[in-house]
Amino acid sequence: MGCCNSTSAAQSSKREWKPLEDRSCTDLPWLLLFILFCLGMGFICGFSIATGAAARLVSGYDSYGNICGQKNAKVERIPNSGMDHTHRKYVFFLDPCNVDLVKRKIKSIALCVAACPSHELKTIYEVQKFAEKNGSALCLYNLKPSEYSMHSKASVLCPKLPVPESAPIPFFHRCAPVNISCYAKFAEALITFVSDNSVLHRLISGVMTSKEIILGLCLLSLVLSMILMVIIRYISRVLVWILTILIILGSLGGTGVLWWLYAKQRKSPKETIIPEQLQIAEDNLRALLIYAISATVFTVILFLIMLVMRKRVALTIALFHVAGKVFIHLPLLVFQPFWTFLALLLFWIYWIMTLLFLGTLGSAIPKGEFVEFEVSGPLQYMWWYHVVGLIWISEFILACQQMTVAGAVVTYYFTRDKRNLPYTPILGSVNRLIRYHLGTVAKGSFIITLVKIPRMILMYIHNQLRGKENACARCMLKSCICCLWCLEKCLNYLNQNAYTATAINSTNFCTSAKDAFVILVENALRVATINTVGDFMLFLGKILIVCCTALAGIMLLNYQQDYTVWVLPLVIVCLFAFLVAHCFLSIYEMVVDVLFLCFAIDTKYNDGSPGREFYMDKVLMEFVENSRKAMKEAGKGGAADSRELKPMASGASSA
């Protein structure tokens with residue numbers, strides 16, 4: 001039965017409309033298509049393992065095609081192929097820091113060695129001594145260890161000096177430099193705004209020195225997010241005012257602390273700082289000034305927004321109260337981000353491993369005196385299928401979370417006596433998802449994939465043509481990317497409401513999307529009010545967590561003993577804090593959206609008369625009435641507000 005279909009409305013005049021009934025499997029063809037697609041993903045994985053040299057991925061291979069740790073077959077026209085490397089189990093690169101950005105690999109000769117250099121080797125004599133002592137020859141195979149120091153071409157046939165300290169990568173038997181600053185050139189090529197090599201080295205050293213603080217601050221953001229979720233559950237009535245006051249105090253306090261630290265460090269005598277640390281101190285002072293100015297501008301903008309929205313804050317309290325009741329009755333909703341992240345993590349690990357196995361496909365092709373493995377024919381396009389699978393299945397997992405949350409909240413809303421709620425509404429929602437609605441989720445996620453892939457292709461083209469295209473082409477590309485991004489966001493929002501309609505009426509995706517769209521259009525002003533005020537308050541919650549984490553980071557990084565550039569560590573911590581806060585509070589935002597759509601459908605099919613009582617909570621009804629009064633008092637409601645309420649009233653009367 002449709003959510004707002006005219007035929008359904010006519011039928012409901014003869015009998016009571018009841019949600020959560022008439023369960024049937026929706027969008028079954030799309031479920032079958034998704035299963036076939038997943039079987040294709042599995043075939044690619046199995047094919048790459050069966051026909052590709054998985055040993056080349058795990059054990060590694062040298063530049064002559066020999067797999068380390070085993071006997072090898074001879075490759076024609078390659079003199080050093082077919083060697084017995086049973087006792088040489090590790091891959092060693094003569095120049096491990098020479099990274100080819102275009103081909104995305106280390107541009108160096110690779111050898112199989114018995115052991116990785118456990119300490120830095122500064123001279124060729126130390127390389128020779130290491131080979132004689134450990135039996136691990138680090139020069140080309142045709143050069144004996146006793147000839148290292150006497151051979152005229154030792155600088156070409158042996159590793160680049162100094163040889164950095166290395167350790168084998170777990171499970172993959174590659175010798176990797178212990179000091180990640182070895183890859184500073186690679187990072188420098190990726191970070192185009194860094195023009196001074198010394199700046200990049202100081203940034204990397206700052207991250208390495210502050211890694212314990214970074215980890216602690218990331219855990220702090222996780223704890224703060226969970227505390228905020230608990231607060232939302234139990235003190236939702238005063239949460240809005242608490243958040244408002246904390247944001248005001250936090251923004252003012254953070255801005256004041258930044259200006260105080262800047263003034264303090266500016267007045268500190270430079271004579272007490274040794275010359276090697278003077279540049280770092282100046283960088284920190286400049287970073288403090290930028291942070292202080294940015295915080296001041298942000299605080300002013302935030303105050304202006306709160307001043308404009310001050311009259312609408314009271315309306316959000318009632319909405320948060322109802323959502324808080326949902327979390328009290330459904331506490332497992334808090335853990336939904338964990339299960340979703342775990343599912344995504346497991347899938348991404350599988351996807352990356354399959355991609356690595358795909359890289360082992362191909363036959364040995366002689367390239368001079370060395371060997372490269374290349375794939376030819378249709379097999380070289382399998383990775384396109386694999387990339388589409390990454391997007392579709394990732395979106396499918398996220399859509400399953402949305403459907404699970406929607407099903408649980410719908411069960412809560414449309415249960416008149418909350419004491420008769422199922423023992424585990426979350427598990428009941430998962431059960432209905434698996435039994436009836438996987439096809440709907442597959443179809444909705446596929447539509448997002450169809451929009452996301454063209455946007456990613458345009459972004460790739462834009463990056464490849466950077467600096468080559470004219471201004472008109474650049475503008476058109478950016479416009480197309482922006483339009484596709486907006487379309488993707490709109491479809492995501494519509495999909496979420498379509499899943500809610502499916503959870504209520506068990507209709508297919510297209511019918512549910514149409515019904516949800518009609519409901520949203522009929523209640524456009526309410527949707528705007530809820531999204532504006534509610535989302536803004538949740539955004540303030542995210543900002544509160546980021547501000548608290550950043551403030552703790554500033555204090556800890558500023559007073560640590562080592563003089564390091566802590567710009568990058570602080571940025572990493574703030575980004576992680578915002579990501580964690582977004583994951584948790586997005587569940588709350590999702591609950592609010594589901595509650596509103598349930599309310600709109602409830603008032604469409606019920607009018608409060610005997611036999612057609614409302615399912616809604618009284619507090620939610622008070623919220624709508626207060627919202628209508630506030631809009632009328634502000635002079636913005638008037639006829640527009642009555643027109644907005646009319647479709648629901650007429651829907652109820654016709655029902």
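Residues numbered from 1 in each chain as written. Predicted model: local features only at pLDDT ≥ 70, side-chain atom pairs only at ≥ 80, totals over all residues. Heavy atoms only, no water.

Looking at an unreviewed UniProt entry, one finds the protein named Choline transporter-like protein and attributed to Sarcophilus harrisii. Per its UniProt entry, the protein bears the Sequence similarities (unreviewed entry) comment "Belongs to the CTL (choline transporter-like) family." Regarding the protein, the relevant UniProt record gives this comment under Function (unreviewed entry): "Choline transporter." (UniProt positions renumbered as here; feature names shortened; annotations may be inferred.)

Would you take a moment to explain the overall build of the protein for this structure?
Scanning the protein for helices and strands turns up 20 helices and 8 strands. Taken across its 655 residues, the protein has 45% of its residues classed as buried. Taking the intrachain contacts of the protein between residues at least 6 apart in sequence as the baseline, contacts between residues at least 24 apart amount to 73%. When the accessible surface of the protein is split by element, carbon and sulfur atoms take 67% of a total near 33,300 Å². (Helix = DSSP H or I, 4+ residues; strand = E, 2+ residues; numbered from the N terminus. Buried < 20%, exposed > 50% of the residue type's maximum accessible area, 1.4 Å probe, protein only. Contact = heavy atoms within 4.5 Å. Areas by Shrake-Rupley, 256 points an atom, 1.4 Å probe, with all protein chains shown as cover.)

Where do I start with the packing of aromatic side chains in this structure?
Counting across every chain of the model gives 17 aromatic pairs. Taken together, a centroid distance of 6.3 Å and an interplanar angle of 50° make the contact between tyrosine 499 and phenylalanine 509 tilted. Separated by 10 residues along the polypeptide, tyrosine 499 in helix α15 (residues 471-505) and phenylalanine 509 in helix α16 (residues 509-522) bring together distant segments of the chain. For tyrosine 499, a relative accessible area of 1% gives the class buried. Here a set of aromatic residues connected by ring pairs shows up, and it is made of Trp30, Phe34, Phe37, Tyr385, Trp392, Phe396 and Phe446. (Phe/Tyr/Trp six-rings, centres within 6.5 Å; stacked < 30°, edge-to-face > 60°.)

Got a minute to help me understand the pattern of salt bridges in this structure?
Note on pairing: side chains with opposite charge can pair once their charged atoms come close. Tallying each qualifying case throughout the model produces 3 salt bridges. For glutamate 488, the salt bridge goes to lysine 452, with nearest N and O atoms at 3.3 Å. Here lysine 452 lies in helix α14 (residues 425-464) and glutamate 488 lies in helix α15, a separation of 36 residues in the sequence. Here glutamate 488 and lysine 452 have matching classes, each one buried. Measuring nitrogen to oxygen at the nearest pair gives 3.0 Å for the salt bridge that ties arginine 455 to glutamate 488. Residue arginine 455 is located in helix α14, and its partner glutamate 488 is located in helix α15; the two are separated by 33 residues in the primary sequence. (Salt bridge = Lys/Arg side-chain N within 4 Å of Asp/Glu carboxyl O.)

Any chance you could explain the packing of helix α12 (residues 336-358) against helix α13 (residues 382-413) here in plain terms?
When two helices pack together, their arrangement is given by the angle between their axes and by how far apart the axes lie. One way to put it is that α12 packs onto α13 with a least axis distance of 10 Å and a crossing angle of 170°. Viewed along their axes, α12 and α13 adopt a mutual orientation that is roughly antiparallel. Taken together, the residues of the contact of α12 with α13 sort by class into 16 nonpolar, 8 polar and no charged. (Axes fitted to C-alpha atoms, helices over the stretch in contact; angles between N-to-C directions. Parallel < 35°, antiparallel > 145°, perpendicular 65-115°, else oblique. Nonpolar A, V, L, I, M, F, W, Y, C, P; charged D, E, K, R; others polar.)

Looking at this model, I keep getting lost on the packing of α14 against α15. Mind explaining?
With their axes 9 Å apart at the nearest point, α14 and α15 run at an angle of 170° to one another. Considered as vectors, α14 and α15 are oriented roughly antiparallel to each other. In terms of residue class, the contact of α14 with α15 is built from 16 nonpolar, 8 polar and 5 charged.

Explanation requested: the state of the cysteines in the structure shown.
Two cysteines form a disulfide when their sulfur atoms are joined by a covalent bond. Under the criterion given, the structure shown has 3 disulfides. Between the sulfur atoms of cysteine 139 and its disulfide mate cysteine 158 the distance is 1.9 Å. An S-S torsion of about 110° defines the bridge between cysteine 139 and cysteine 158 as right-handed. Of the two residues, cysteine 139 is situated in the loop between α4 (124-134) and α5 (154-157) and cysteine 158 in the loop between α5 and β5 (166-168); the sequence distance between them amounts to 19 residues. Residue cysteine 139 is classed as buried on the basis of its relative accessible area of 0%. Judged by relative accessible area, which is 3%, cysteine 158 ranks as buried. With no disulfide partner, cysteine 574 has as its closest neighbouring cysteine sulfur the one in cysteine 547, 8.3 Å distant. (Disulfide = S-S within 2.5 Å.)

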